[in-house]
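Structural characterization, general
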Amino acid sequence: MAEFTKDRKTIFSGAQPSGNLTIGNYLGALKNWQLLQDDYNCIYCVVDMHAITVRQTPAELRKRSLETLAVYMACGIDPAKVVFFIQSHVPGHTQLSWVLSCSTMFGELSRMTQFKDKSAKHADNINAGLFTYPVLMAADILLYNADLVPVGSDQKQHIELARDIAQRFNQAYSPTFTVPEGYISKSSARIMSLSDPERKMSKSDPNPQSFVSILDPKDEIIKKFKRAVTDSESIVRLDPNRPGISNLINIYCAFTSKTPEECEKEFEGRGYGDFKLAVGEACADTLTKIQDKYNTYISDKAQLDKILSEGAAQANYIANKTISKVYRKVGFYAKPEVK
Ligand code: TYM
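Rules of the game
Residues numbered from 1 in each chain as written. Predicted model: local features only at pLDDT ≥ 70, side-chain atom pairs only at ≥ 80, totals over all residues. Heavy atoms only, no water. Buried < 20%, exposed > 50% of the residue type's maximum accessible area, 1.4 Å probe, protein only. Helix = DSSP H or I, 4+ residues; strand = E, 2+ residues; numbered from the N terminus. Pairing = 2+ DSSP bridges. Right-handed = clockwise from strand over helix to strand, strands pointing away. Near = heavy atom within 4 Å. Polar contact = N/O pair within 3.5 Å; in protein donor to acceptor, adjacent residues only side chain to side chain. Areas by Shrake-Rupley, 256 points an atom, 1.4 Å probe, with all protein chains shown as cover. Axes fitted to C-alpha atoms, helices over the stretch in contact; angles between N-to-C directions. Left-handed = near helix turned anticlockwise from the far one by under 90°. Contact = heavy atoms within 4.5 Å. Nonpolar A, V, L, I, M, F, W, Y, C, P; charged D, E, K, R; others polar. Core = buried A, V, L, I, M, F, W, Y, C linked by side-chain atoms within 4.5 Å. Disulfide = S-S within 2.5 Å. Salt bridge = Lys/Arg side-chain N within 4 Å of Asp/Glu carboxyl O. Parallel < 35°, antiparallel > 145°, perpendicular 65-115°, else oblique. Phe/Tyr/Trp six-rings, centres within 6.5 Å; stacked < 30°, edge-to-face > 60°.

**Points about the pairing of strand β1 (residues 10-15)**
- Across the six residues of β1, five count as buried, placing the element largely inside the fold.
- Pairing between β1 and strand β2 (residues 41-46): six bridges, direction parallel. Counted as the bridge partner of Phe12 is Ile43 from β2.
- As a crossover connection, the stretch from β1 through helix α1 (residues 23-36) into β2 is right-handed.

Here it is, written out as structure tokens:
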């Protein structure tokens, strides 16, 4: 069980169990979660409540929530160092979300690009949850007074909103929340789709060729990189006008810890075929190790349940303290202790 110390700053982050986590999730977020776990009090959540803003198959959502925890652990994030839990196990998230929604403006939520993108994609289900999603996300972060939030760049706008909400609340009711900072790594902040490199790689993309899942088998990974959309120039060089090859270079560098210059040198005079194979091999090398660990963790449901139960107890303890404070500050009458 994780033991938090007062001299360390707090980190909160989460991923939706709305599909199998991809190398975008790994390189943009999970890898950093792992790197930060020794220096911060880290709280990592499976945000199942966010996932139902888009229609999910209930049995699959349930299954994927546990699988997501096993993936977190397989990526080297250690339950002895961090708090893991499932969002719906801590009622404080929705309790705080309501209070914060009264400090969030309609206009602010209307400007969120993720809301615009998702409403376009799911035109038959533009529900209120999709619209107020960023308020729940602000509640996730502010509930634990997180200082730092490691995410990919697609979440930057949501974190800026969480900061604005925190500041607005603090001004209206006296200092209550820590104003959080985003932690976004430079080169892998936005891993792009393999079939359309102008778009972000996404676990919920209906085209499985567009993403590599952390749990994809090696031959599948190699095939997906071989088919990745690039241009006709065949020169391995970072170039903002050639998003396909630039994306592959970023992925290769992230998996090999090489710089783009080293990569360009290594593949000078060689075609895209060679390079794509090397990217696939480098990615598969890392993912196979993660998959071995995943298979061990997912086969021990009792252990995963124990981690979730302890994590929920720790998260609820912190969350309840924040909720009591917030309820008092906004003027809710204290619940009488009746014997
Ligand atoms: P989600 O589930 O879409 O993604 C989880 C994390 O992975 C990052 N990510 C990427 N990074 C680089 N390239 C990509 N192609 C890519 N795709 C995803 C995301 O930025 C994220 O860090 N709203 C969040 C979940 C959430 C959350 C929170 C995060 C809910 N509450 C509080 C932080 C703090 C989301 O949908 O992530």
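**Remarks on the site of the ligand**
- Near the ligand you find 27 residues, and of these Gln16, Tyr133, Asp140, Asp154 and Lys203 are the closest.
- Between Asp154 and the ligand, the recorded distance is 2.5 Å, taken from a side-chain N or O atom to an oxygen atom.
- Relative to its unbound accessible surface of 700 Å², the ligand loses 98% to contact with the protein.
- Elements with a minimum of two residues in the shell around the ligand: β1, α1 and α7 (128-143).

**Some remarks on the packing of helix α4 (residues 92-101) against α7**
- Across the interface, α4 lies against α7 with an axial gap of 8 Å and an inter-helix angle of 115°. For α4 against α7, the interelement crossing comes out right-handed. Counted together, Gly92, His93, Thr94, Leu96, Ser97, Leu100 and Ser101 of α4 and Val135, Leu136, Ala138, Ala139, Asp140, Leu142 and Leu143 of α7 form the full contact between these two elements.
- Looking at the contact of α4 with α7 residue by residue, the class counts come to eight nonpolar, five polar and one charged.

**Section: the nonpolar core**
- By size, the foremost hydrophobic cluster in this structure holds 60 residues, and its most contacted members are Ile23, Leu30, Tyr44, Tyr72, Phe84, Phe225 and Phe275.
- It is helix α12 (residues 272-298) that provides the largest number of residues to this core, a total of 10 residues.
- Cys45, Leu100, Phe131 and Ala162 belong to the second-largest nonpolar core, a separate cluster that totals 39 residues.

**Some points on the state of the cysteines**
- This structure, assessed with the given rule, holds zero disulfides.
- Cys75 carries a free sulfur, and the closest cysteine sulfur to it, the one in Cys283, is 12 Å from it.
- A relative accessible area of 9% places Cys75 in the buried class.

**What to know about the pattern of salt bridges**
- All chains considered together, the criterion is met by 17 salt bridges.
- Between Asp38 and Lys81 there is a salt bridge; the shortest N-O distance is 2.9 Å. Of this pair, Asp38 sits in the loop between α1 and β2 while Lys81 sits in the loop between α3 (58-74) and β3 (83-86), placing them 43 residues apart in sequence.
- Between Arg168 and Glu108 there is a salt bridge whose closest N-O contact spans 2.7 Å. Taken as a pair, Arg168 in helix α8 (residues 156-173) and Glu108 in helix α5 (residues 106-110) lie far apart in primary sequence, 60 residues in all.
- Residue classification places Arg168 among the partly exposed residues on the basis of a relative accessible area of 28%.
- Since its relative accessible area comes to 10%, Glu108 is described here as buried.

**What about the packing of α7 against α8?**
- With their axes 9 Å apart at the nearest point, α7 and α8 run at an angle of 70° to one another. The angle between α7 and α8 places the two elements in the roughly perpendicular class. Crossing angle aside, the handedness with which α7 passes α8 is right-handed. Seen from α7, the contacting residues are Tyr133, Pro134, Met137, Ala138, Ile141 and Leu142; seen from α8, they are His158, Ile159, Leu161, Ala162, Ile165 and Ala166.

**Overview of the packing of aromatic side chains**
- Across all of its chains, the model carries 14 aromatic pairs by this definition.
- Between Tyr26 and Phe255, the aromatic rings sit 6.2 Å apart at their centres with planes inclined by 15°, giving stacked as the arrangement. Residue Tyr26 is found in helix α1, and its partner Phe255 is found in helix α10 (residues 243-256); the two are separated by 229 residues along the sequence.
- On the basis of relative accessibility, which here comes to 10%, the residue Tyr26 falls in the buried class.
- Classification of Phe255 as buried rests on a relative accessible area of 12%.
- Plain terms: the ring middles of Trp33 and Tyr72 are 4.9 Å apart, the flat faces sit at 75° to each other, and that makes the pair edge-to-face. Taken as a pair, Trp33 in helix α1 and Tyr72 in helix α3 lie far apart in primary sequence, 39 residues in all. Each member of the pair, Trp33 as well as Tyr72, is classed as buried.
- Among the aromatic residues, those joined into a cluster by ring pairs are Trp33, Tyr44, Tyr72 and Phe84.

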